[in-house]
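Each chain is listed here by its residues.
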Amino acid sequence: MPASRVINFGPGPSALPQSVLEKATQGLLNFNETGIGIAEISHRSKEFVAFLSNIESLIRTQLDVPSTHSILFTQGGGTGQFSAVVLNLLARHRLLYPELTADERVMDYILTGSWSEKAFQEAGRLGGARVNVALDARKYSKDGVSFDNVPPHGEYAFSPAPAFIYYCENETVDGVQFSADPSAQTSFPFARLPRERSGLLPLVGDHSSSFMSRPIPHLGEHAVIFAGAQKNLGPAGLTVLIVRHDCLVDVDAAAKLGAAPVPLSLSYKTLADSKSLYNTPSMLPIYITGLVLERMQELGGLTYFEALNKKKAEKVYAAIRSGEERGVFQGKVQDGSGSWMNVVFNVLGDGAESRFLTGAEEAGMKGLKGHRSVGGIRVSLYNAITESDTDKLVGYMKNFVSEAGA
Ligand code: PLP
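Model, not experiment: these values are computed from the prediction.

Caption draft 1: Local environment of helix 2 (residues 46-63). With 18 residues, helix 2 extends 26 Å from end C-alpha to end C-alpha; this agrees with the ideal 26 Å at 1.5 Å per step. Among the residues of helix 2, Phe48, Phe51, Ile55, Leu58, Ile59 and Leu63 are the ones counted as buried. One side of helix 2 holds all its buried residues, which, seen down the axis, span an arc of 100 degrees. Exposed positions of helix 2 whose direction lies more than 90 degrees from the buried face are Lys46, Ala50 and Ser53. On its buried face, helix 2 is in contact with strand 2 (69-74), strand 10 (239-244), helix 7 (283-299) and helix 8 (301-325). The first or second residue beyond helix 2 is Asp64, which carries a positive phi of 60 degrees.

Shown next, in the form of structure tokens:
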């Protein structure tokens, strides 16, 4: 092991708190005084079952998840949910409206970045319904082709009665996020969404890269929220789902009415009925996630992390703005759309980006290279990144600007 750990600004898998990792090594040897390590013990042991149930309450309390929703744990990541959402919600729609043809069933997708676009492509692959683009943010971008904004509320074109409406809360690659301020034009357009006859919203949110970083507006109105653990919560291998009870449907009954068959390991009802133990869960990621959630609770939960994450992001955006004034940096995202979790910018000038990255590494900061599809710099500021980690980066950015401008 290196003598000291570097600051990891990577986009995921990403940094975890050192204190949690140290505690986790103990759990690898002896989980909760059972004398058996967490990677060795049965997932049906009473100690593990109790641990999993405690994780559920830690999430429920901190995020304020109402009793109308189940919290489920599964595998397969966000990508697995791109498929599971389509299969489960089209099965639900079939049970509700068996008479509709495939052309009359519509899935509405809001495209604000690469991840929502991937989910949209998967929906098209799976078929079973028409896919409607309720909004493509590229139309409102500065260059006409990039995802660099969350368009204002006026631009959405929802179907009158979609089987579901899909969005990605934080676009990890493009650095675009819906605003946390409900009065902002770039907040999520809750008031404009088409409701079902029952008054419910068939709303699905990918919260993979912002989950547990701040409260989720209108959480109780969502049909499904999903998130891979590997940003704010723990190692890759665990996916957390928050599913409203009317979306826990009998997929076999839907298949008898003509819906696509759903693998049982992807069925939300199967997961809920088995208390997330239908098959062997990813125990080590679950364990580390539990330790992270306990630490979050001790620190003050989402009230603490929301304030901290806002402050961290503001500091980095301010450093980008001062670099812009000197012609050294260029922010990539339009005003009001910038993510708190993944801040993206370019370093201007020949070879300047690689000088920036090399200098950062020499100063003990890694993971800053932008996604291969978009390039530039990406600073990921998940919960494990402290304010002093952020200050160190900001100090480095300021020095870089003065040296480049000198
Ligand atoms: N959605 C978002 C917003 C992501 O950031 C990612 C991965 O980074 C995914 C989905 C895909 O997640 P996974 O790699 O766990 O399948």
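From this point on, the discussion continues.
Caption draft 2: Examining the pairing of strand 2 more closely. With five of its six residues buried, strand 2 lies for the most part within the structure. Summarising the sheet, strand 2 and strand 10 pair through six bridges and their orientation is antiparallel. Each residue of the ladder has a partner; that of Phe73, found in strand 10, is Val240.

Caption draft 3: Seen up close, the sheet that holds strand 12 (residues 342-347). Taken in spatial order, the three strands of this open sheet run 11-12-14, and their pairing is antiparallel. For this open sheet the edge positions go to strand 11 (329-331) and strand 14 (377-380), each flanked by a neighbour on one side alone. Averaged over all adjacent pairs, the angle separating strand axes in this sheet is 35 degrees, with direction ignored. Note: strand 12 against strand 14, four bridges, orientation antiparallel. Its bridge partner being in strand 14, Val343 is matched across the sheet by Val379. Against the sheet, helix 8 engages strand 11, strand 12 and strand 14, with an angle of about 125 degrees to strand 11.

Caption draft 4: Broad picture of the site of the ligand. Around the ligand, the structure places Gly12, Gly77, Gly78, Thr79, Trp115, Cys168, Thr172, Asp206, Ser208, Ser209 and Gly228. Sort the elements by how many residues they give to the shell around the ligand and helix 3 (residues 77-96) lands first, with three residues. Looking at the shell around the ligand residue by residue, the class counts come to two nonpolar, eight polar and one charged.

Caption draft 5: Representation of the environment of Ser339 in the model. Mapping Ser339 onto the fold places it in the loop between strand 11 and strand 12. In this structure Ser339 touches Asn170, Gly175, Val176 and Gln177, once residues within four positions along its chain are discounted.

Caption draft 6: Region of interest: the UniProt feature "domain: Aminotransferase class V" (unreviewed entry) in the chain. Here, the residues flagged by UniProt with the feature "domain: Aminotransferase class V" (unreviewed entry) are residues 7-393. Taken end to end, residues 7-393 is 35% helix and 16% strand, and its two terminal C-alpha atoms sit 9 Å from one another.

Caption draft 7: Inspection of the packing of helix 1 (residues 18-29) against helix 7 at higher detail. In the contact formed by helix 1 and helix 7, the axes pass within 10 Å of each other and the chain directions differ by 135 degrees. Accordingly, the angle class assigned to the pair helix 1 and helix 7 is oblique. Crossing of helix 1 over helix 7 shows right-handed handedness. Between helix 1, through Ser19, Val20, Lys23, Ala24 and Gly27, and helix 7, the contact on the second element is made entirely by Tyr287, Ile288, Leu291, Val292 and Arg295. Residue composition of the contact of helix 1 with helix 7, grouped by class: six nonpolar, two polar and two charged.

Caption draft 8: Molecular detail of the environment of Ser53. Following the sequence through the fold, Ser53 ends up in helix 2. Residue classification places Ser53 among the exposed residues on the basis of 12 C-beta atoms within 10 Å. Measuring from C-alpha to C-alpha, the distance between Ser53 and Thr74 comes to 14 Å, with 21 residues separating the pair along the chain.

Caption draft 9: Spatial organisation of the domain arrangement of the chain. For the chain, the assigned domains read domain 1 (46-296) and domain 2 (301-405). Once you take the C-alpha centre of each, domain 1 and domain 2 turn out to be 29 Å apart. In this assembly, 27 residues from domain 1 lie in contact with 23 residues from domain 2. Elements represented by at least two residues in the side of domain 1 that touches domain 2 include exactly helix 2 and strand 7 (176-177). Its residues assigned to classes, the side of domain 1 that touches domain 2 shows eight nonpolar, 14 polar and five charged.

Caption draft 10: A look at the sheet that holds strand 4 (residues 130-136). Pairing is mixed in the open sheet, where seven strands are placed in the order 2-10-9-8-5-3-4. Whereas interior strands pair on both sides, the edge strands pair on one side only; in this sheet they are strand 2 and strand 4. Averaged over all neighbouring strand pairs, the angle between strand axes comes to 20 degrees, with direction disregarded. Bridge count between strand 9 (residues 222-228) and strand 10: five bridges; the pairing is antiparallel. Bridging across to strand 10, Gly228 finds its partner in Thr239. On the sheet, helix 4 (residues 114-126) packs against strand 3 (106-111), strand 4, strand 5 (164-168) and strand 8 (203-206) and is oriented at approximately 160 degrees with respect to strand 3.

Caption draft 11: Just unusual backbone geometry, in detail. The peptide bond linking Gly12 to Pro13 adopts the cis configuration, its omega dihedral lying at -5 degrees. Among the structural elements, Pro13 can be located in the loop between strand 1 (7-8) and helix 1. With phi around 55 degrees, His218 is a residue other than glycine that occupies positive phi space. With respect to the helices and strands, His218 occurs in the loop between strand 8 and strand 9.

Rules used in this analysis
- Residues numbered from 1 in each chain as written.
- Predicted model: local features only at pLDDT ≥ 70, side-chain atom pairs only at ≥ 80, totals over all residues.
- Helix = DSSP H or I, 4+ residues; strand = E, 2+ residues; numbered from the N terminus.
- Expected span 1.5 Å × (residues − 1).
- Buried ≥ 20, exposed ≤ 12 C-beta atoms within 10 Å, placed from the backbone.
- Arc of directions from axis to C-beta.
- Contact = placed C-beta atoms within 7 Å.
- Pairing = 2+ DSSP bridges.
- Axes fitted to C-alpha atoms, helices over the stretch in contact; angles between N-to-C directions.
- Near = placed C-beta within 6 Å.
- Nonpolar A, V, L, I, M, F, W, Y, C, P; charged D, E, K, R; others polar.
- UniProt positions renumbered as here; feature names shortened; annotations may be inferred.
- Parallel < 35°, antiparallel > 145°, perpendicular 65-115°, else oblique.
- Left-handed = near helix turned anticlockwise from the far one by under 90°.
- Domains from an automatic or database assignment.

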